[in-house]
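Below, each chain spelled out in residue letters.
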Amino acid sequence: MPTPPPDAVELDLHLATRVLELVRRMPHLVGLTDGTGEVLWLNAAGRRFVGAQPGQHLTTADLFTEAVFDRYYASIRPALVRDGVWTGELPVRRADGSEGVVDVVLTGDVGADGEVRWIGALAVDVTSQHEREAELSHQASHDPLTGLANRMLLLDRLDVAVSIATRLGSPVAVLTLDLDGFKAVNDEYGHAVGDRLLQQVTARIQSAVRPADTVARLGGDEFVVIVHPPEERSAAMAVAERIRDQIGMLDYMVGDHRIRVTASIGLTLSQPGATVEPDALLAAADRGMYRAKRSGGNCVRVAGGDRPGILGHAEDMGDQLARALAEGQVVAAFEPVVDISTQELCALQVLARWEHPELGRLPARSFAEEALVTGYADLIWWAATRHALRAAAGAHPDVPIHITLATSQLRDEDVVGRLRALRDLAPDAEILLRVDAHSVLDITTMGQEVIDVLGRDGLRLVLSGHGRRGLPLGLLASLPLAAVELDPSLVQDVADNPKAITLATRLATTLGVPCIAQVDDAAELPRLAVLGVTSVSGWVAGSEWDADELAAEMAARRATRPRPSPSR
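Residues numbered from 1 in each chain as written. Predicted model: local features only at pLDDT ≥ 70, side-chain atom pairs only at ≥ 80, totals over all residues. Heavy atoms only, no water.

1. Some details on the pairing of strand β1 (residues 29–34)
The test is simple: DSSP-based pairing: two strands are paired if at least 2 bridges between them are found. Secondary structure elements are defined from DSSP: runs of H or I of at least 4 residues count as helices, runs of E of at least 2 residues count as strands, and each element is numbered from the N terminus.
Where β1 and strand β5 (residues 116–125) come together, 6 bridges link them in antiparallel fashion. By the bridge assignment for β5, Leu-29 is matched with Ala-123. The pairing of β1 with strand β2 (residues 39–42) spans 3 bridges and is antiparallel. In the strand pairing of β2, Gly-31 is matched with Leu-42. Following β1, the chain reverses through 4 residues before pairing antiparallel with β2; Gly-37 in that reversal takes a positive phi of roughly 100 degrees.

Right, dumping it as structure tokens:
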């Protein structure tokens, strides 16, 4: 006789047994709790995840922190009562004291009285993913050599410090420091020893600051400290002096080498409650640091509201800058722009530098404010530009030269004569004029003569600040654009601005020009490449070159360039 079919109860029991066995063996975490927090059941994967022993009694208090319970009553329980389900990520406390993270779906059984009687959970372990994301986030915001904050994190922390200080009516204190004698260490012992020295210096700086202070390395031997919060000027000065003492107090042993270095430190404080730009604080601290250098190093110098220059107050800066111009101390440096994928050189940006007889090469940011106050900014720009184009005429670069023009220079009555003079200085070089997005409207309103000169003489434009201000496509298309450069605010927060960056790079593609980004963190390169950035400048592109280095680099490029095959 055929076997009779099982009745419905027997079939349900059979299926339930199979399903329960399947759930027991699942690699995902499955559990059930009652309304009082007792863990009624947890599968093998769940017990392995939390580190529970066989038969061990568990409650939700064993697995979750107070913060999770606060979240449960604020949002999870209302969702279970309303919808019967909640999804999200939760941290879970393990038996060994570590914390894991799960991506979980919670389902709830709610009684007629509105109380949750039991909760079922199906979860996936995403701990390793979170750890990897945390590692990538740390790499993106920290210097790989020293573990200190990098420029991106420093600017973020400084923005926060300024906001808090403005709201509370307190000052913001910033220190910049540069090591005295570090270049000689690199020259004598090599960069490997120099890197190990920087790591030891970092440890000494950290031992001198307070837990709330931020220490950052901007590159080379340049460090910045945000003193937070400085109750008064003397507190910030005390931190600066502790750092100076710690760095120079004892010699450093790096391998078999006994090395001594000291620090020149600049300190600036904002007026309590005053609105101040972070860049202005950094520039002021830089001026103090260069004053410390001029004083012989191993000291702290303050740059404050009286706007002292790097070599004195504003009233004597005119004579110093005039002497620098007369004696040819204002020169040009060339910053590489490279392809984001191949690292091949694709352009050179011209930067002004002051070859000071005592302090060495000074960046423009250390004297730009004084140049504006004393009226020498335009003459300094012309001196650096002439030096750059004469160097280019001798080096014969095979990539474009980017020269920055300020809006005030574009509004000059003799702007056409200026543009022609640039062209005549290096007739064989490809000169691109780097202008801010705000200057575009000025260019278009200066008349057809300016547009004609740009087009006739091949002086195309690089639009900086791209993506910050929307400009009509028709307006941009009417200009001789050669490239666009992303606004730094977008690049500093790549993770928060993917849509804005994508829109900016797509516009560049529509215009048929490359999109440049100034990048100091190599960890951002893959993400920027995916978003459409084609070339980069800044720390990731390499060190700047002086005129002699430019000539040597261009000669080396010509020597390695494949020669055409001789015709038969």
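2. Concerning helix α10 (residues 278–294)
For clarity, the threshold we go by: A helix is expected to reach a length of 1.5 Å times the quantity of its residues less one. Burial classes: relative accessible area under 20% of the type maximum marks a residue as buried, over 50% as exposed, and values in between as partly exposed (1.4 Å probe, protein chains only).
Helix length check: α10, at 17 residues, gives a terminal C-alpha distance of 25 Å against a target of 24 Å (1.5 Å per residue), a fit within 8%. Burial analysis of α10 places 12 of its 17 residues in the buried class, the great majority of the element. Along α10, the positions that sit buried rather than exposed are Pro-278, Leu-281, Leu-282, Ala-283, Ala-284, Ala-285, Asp-286, Arg-287, Gly-288, Met-289, Tyr-290 and Ala-292. Where α10 ends, the next residue or the one after it, Gly-296, has phi of about 110 degrees, a positive value.

3. Quick look at helix α8 (residues 191–208)
An α-helical turn contains 3.6 residues, so any two residues separated by three or four positions project in the same direction. For α8, built from 18 residues, the straight-helix expectation of 26 Å at 1.5 Å per residue is met to within 8% by its first-to-last C-alpha distance of 26 Å. Those residues of α8 that fall on the buried side of the exposure criterion are Val-193, Gly-194, Leu-197, Leu-198, Val-201, Thr-202, Arg-204, Ile-205 and Ala-208.

4. What to know about the sheet that holds strand β8 (residues 222–227)
This is how the line gets drawn: Fitted lines through C-alpha atoms give the axes, limited to the stretch in contact for helices. The angle between two N-to-C directions lies from 0 to 180 degrees. Any two residues whose heavy atoms approach within 4.5 Å at even a single point are treated as in contact.
A sheet is described by the order of its strands in space; here 5 strands give the open sequence β7-β8-β6-β11-β12, paired in mixed fashion. Each having just a single partner strand, β7 (214–219) and β12 (299–302) make up the two edges of the open sheet. Shown here is a sheet whose adjacent strand axes are inclined to one another by a mean of 20 degrees, direction ignored. Sheet strands touched by α8: β6 (173–180), β7 and β8. Its angle to β8, the strand with the most contacts, is close to 15 degrees. Sheet strands in contact with α10 are β6, β8, β11 (262–269) and β12, and its direction is about 140 degrees off that of β11.

5. Let's talk about the pattern of salt bridges
Rules: Salt bridge criterion: a side-chain nitrogen from Lys or Arg within 4 Å of a carboxyl oxygen from Asp or Glu.
As enumerated under the stated definition, the model contains 15 salt bridges in all. Here Asp-180 makes a salt bridge to Lys-293, at a shortest N to O gap of 3.1 Å. On the criterion of sequence distance, the pair formed by Asp-180 in strand β6 and Lys-293 in helix α10 is long-range, its members being 113 residues apart. What makes Asp-180 buried here is its relative accessible area of 14%. We note a salt bridge from Glu-430 to Arg-460, for which the minimum N-O separation is 2.7 Å. Of this pair, Glu-430 sits in the loop between α15 (415–425) and β17 (431–436) while Arg-460 sits in strand β18 (residues 460–466), and the two are 30 residues apart along the sequence. Within this structure, Asp-178, Asp-180 and Lys-293 form a network of salt bridges that share partners.

6. Here's the deal with the sheet that holds strand β3 (residues 85–93)
Two modes of strand pairing occur in sheets, parallel and antiparallel, and in both the strands are linked by backbone hydrogen bonds. Ordered by their spatial adjacency, 5 strands build an open sheet running β2-β1-β5-β4-β3, and the pairing between neighbours is antiparallel. Looking at the sheet topology across the chains shown, the edges are occupied by β2 and β3. Shown here is a sheet whose adjacent strand axes are inclined to one another by a mean of 25 degrees, direction ignored. The pairing of β3 with strand β4 (residues 99–110) spans 9 bridges and is antiparallel. Note that in β4 the partner of Arg-93 across the bridge is Glu-99. Docked against the sheet, helix α4 (residues 66–83) engages β3, β4 and β5, running at close to 155 degrees with respect to β3. Across the sheet, helix α5 (residues 127–141) touches β3, β4 and β5, and the angle it forms with β4 is around 135 degrees.

7. Considerations on unusual backbone geometry
Positive phi outside glycine occurs at Asn-298, with the angle close to 55 degrees. Relative to the assigned elements, Asn-298 resides in the loop between α10 and β12. Even without a glycine there, the phi angle at His-396 is positive, about 55 degrees. Structurally, His-396 can be placed in the loop between α13 (377–395) and β16 (401–404).

8. Focus on a nonpolar patch on the surface
Under the convention used in this document: Think of a patch as exposed residues, more than 30% relative accessible area, with no salt bridge, where like charges cluster within 9 Å and nonpolar side chains (Val, Leu, Ile, Met, Phe, Trp, Tyr) cluster within 5 Å. Each accessible area is a Shrake-Rupley result for a 1.4 Å probe, and residues are judged covered by the shown protein chains and nothing else.
A contiguous nonpolar patch, built from Val-85, Val-105 and Leu-122 and spanning about 210 Å² of accessible area, is present on the exposed surface. Relative to the helices and strands, Leu-122 is located in strand β5. In this structure Leu-122 comes out as partly exposed when scored by relative accessible area, which is 40%.

9. Section: the packing of aromatic side chains
In plain terms, the rule: Stacked, tilted and edge-to-face are the three classes applied to pairs of Phe, Tyr and Trp rings, where Trp contributes its six-membered ring and a pair requires centres within 6.5 Å; stacked means planes under 30 degrees apart, edge-to-face means over 60, and tilted covers the rest. Only when the NZ of Lys or the CZ of Arg is both within 6 Å of the ring centre and within 35 degrees of the ring normal is a charge said to sit over the ring.
Per the counting criterion, the structure on display carries 2 aromatic pairs. Measuring from centroid to centroid gives 4.7 Å for Trp-381 and Trp-382, while their planes differ by 80 degrees, and the two rings are edge-to-face. Here Trp-381 matches Trp-382 in class, with each residue buried. The side chain of Arg-94 reaches across the aromatic face of Phe-49, ending 4.4 Å from its centre. Seen from the ring of Tyr-252, Arg-204 lies directly overhead, with NZ or CZ sitting 3.6 Å from the centre.

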